[in-house]
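Understanding the architecture of this molecule
In case you want the letters, here they are:
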Amino acid sequence: MSLQPIDAQLGKHLQPGDRHYRAFVSHPDNYDIVAALQFTLLTALGLREHHYLLDIGCGSLRGGRLFIPYLLPNHYFGIEPEAWLIEEGIRNELGESIITIKKPSFVHDRSFNLEVFGRKFDFLLAQSIFSHASAAQIRACVASARKVMEPHAIFVANFVESNVNYEGDEWVYPGGSYYTMDFLRSLIAEQGLACMPIQWPHPVGLRWIAIVHPDQANQQLLRDMDLLTIRAERDAALARLRQLESHPYVKIGLAVRRWLQTLIRRR
Ligand SMILES: C[S@@+](CC[C@H](N)C(=O)[O-])C[C@H]1O[C@@H](n2cnc3c(N)ncnc32)[C@H](O)[C@@H]1O
């Protein structure tokens, strides 16, 4: 395959898992849109610059390259076992100057101990983490998350929804793990937290959830989110309908229908 130099640099010819900072975290073609979807979802859920964000498995800062500039200095925290990914993300996507200005913090750890930073968070994110983790790893992550979640915190994650559960003990990548919504819901409930599905797009169909303390305020916010999504879907469907109605053949068809209706009414 012959690629433009920029595409080669972005790893577009590579497969998920290949040793390139974009390919290692998923299909390189989705690097931009998955960054945008993480950022827009969290800001739609209320992320503001003064909030503290913990990005679990932050990879090469696909999301971090939007969150770090947005948040105030010292407000972005990332956990990523592969140190080289963060280094490459900074080198290729952000630059050292933004790191000096925004002072994000990183640890390289794979134990899902989220207490390492010694602070609590307003938002937590595990983008494409539960889609590779074993049930034991997800349990460890949620148990630890509960200890660092502010009472109003929202922990956003996504996973591959299936009719059956992955039963292995290992992290799976390339490829992935999969769970039923009921399984995840009860795993999260065991840790004293509530799991709310969120309607939000993902290019490879991962299912988004919000994990919250089971109190009314957050649940109301998430219900409002659902309503927003339904309205957005309705508006998009109406726009498609209007586009369809403006097609010349459809216009003729509609005119014929109106004419036939008038004829029938006159009889
Ligand atoms: C599919 S990538 C997603 C990365 C990032 N969240 C994104 O959206 O680009 C999964 C990431 O989880 C990291 N990872 C693997 N095991 C981990 C663990 N035990 N704890 C935290 N992160 C882990 C991998 O190194 C990889 O960067």
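Residues numbered from 1 in each chain as written. Predicted model: local features only at pLDDT ≥ 70, side-chain atom pairs only at ≥ 80, totals over all residues. Heavy atoms only, no water.

Residue position: Ser131 is located in the loop between strand E4 (121-126) and helix H6 (135-148). The buried category is assigned to Ser131, whose relative accessible area is 3%. Ignoring anything within four residues of it in the chain, the contact list for Ser131 reads Asn158, Phe159, Val160, Gly176, Ser177 and Leu206. (Helix = DSSP H or I, 4+ residues; strand = E, 2+ residues; numbered from the N terminus. Buried < 20%, exposed > 50% of the residue type's maximum accessible area, 1.4 Å probe, protein only. Contact = heavy atoms within 4.5 Å.)

Right, let's talk about the pattern of salt bridges for a bit. All chains considered together, the criterion is met by 9 salt bridges. Salt-bridge contacts for Arg139 lead to Glu190; the nearest nitrogen and oxygen are separated by 3.6 Å. Taken together, the residues Arg139 in helix H6 and Glu190 in helix H7 (residues 181-190) connect sequence positions 51 residues apart. Notably, a salt bridge pairs Arg207 with Glu161, separated by 2.8 Å at the nearest N-O pair. Of this pair, Arg207 sits in strand E7 (residues 207-212) while Glu161 sits in the loop between strand E5 (149-159) and H7, and the two are 46 residues apart along the sequence. Owing to a relative accessible area of 22%, Arg207 belongs among the partly exposed residues under this scheme. Residues joined by salt bridges that share partners form a network here, namely Arg22, Arg65 and Glu93. (Salt bridge = Lys/Arg side-chain N within 4 Å of Asp/Glu carboxyl O.)

This paragraph deals with the site of the ligand. Taken together, 18 residues lie near the ligand, and Gly57, Arg62, Glu80, Arg110 and Gln127 sit nearest. Arg62 places a side-chain nitrogen or oxygen 2.7 Å from an oxygen atom of the ligand. Side-chain polar atom of Gln127 to an oxygen atom of the ligand: 2.7 Å apart, as the coordinates give it. Taken by itself the ligand offers 600 Å² of open surface, and the protein chains cover 96% of this. When grouped by side-chain class, the residues that make up the shell around the ligand number 7 nonpolar, 6 polar and 5 charged. (Near = heavy atom within 4 Å. Polar contact = N/O pair within 3.5 Å; in protein donor to acceptor, adjacent residues only side chain to side chain. Areas by Shrake-Rupley, 256 points an atom, 1.4 Å probe, with all protein chains shown as cover. Nonpolar A, V, L, I, M, F, W, Y, C, P; charged D, E, K, R; others polar.)

Time to look at a nonpolar patch on the surface. On the surface, Tyr249, Ile252, Val256, Trp259, Leu260, Leu263 and Ile264 cluster together to form a nonpolar patch covering roughly 770 Å² of accessible area. Mapped onto the elements of the fold, Leu263 is located in helix H9 (residues 248-266). For Leu263, a relative accessible area of 36% corresponds to the partly exposed category. (Patch = residues over 30% accessible without salt bridge, like charges linked within 9 Å, V, L, I, M, F, W, Y side chains within 5 Å.)

Here the focus is the domain arrangement of the chain. By domain assignment, the chain separates into domain 1 (5-214) and domain 2 (217-267). With 15 residues of domain 1 at the interface, the matching set in domain 2 holds 7 residues. Summing both sides of the interface, domain 1 and domain 2 together bury roughly 900 Å²; the carbon and sulfur share of this comes to 68%. Inspection of the domain 1/domain 2 interface yields 0 salt bridges. Taken together, domain 1 and domain 2 are joined by 0 residue pairs in polar contact (both at pLDDT 80 or more). Classifying every residue of the side of domain 1 that touches domain 2 gives 13 nonpolar, 2 polar and no charged. (Domains from an automatic or database assignment. Buried area = accessible area lost by both parts, 1.4 Å probe.)

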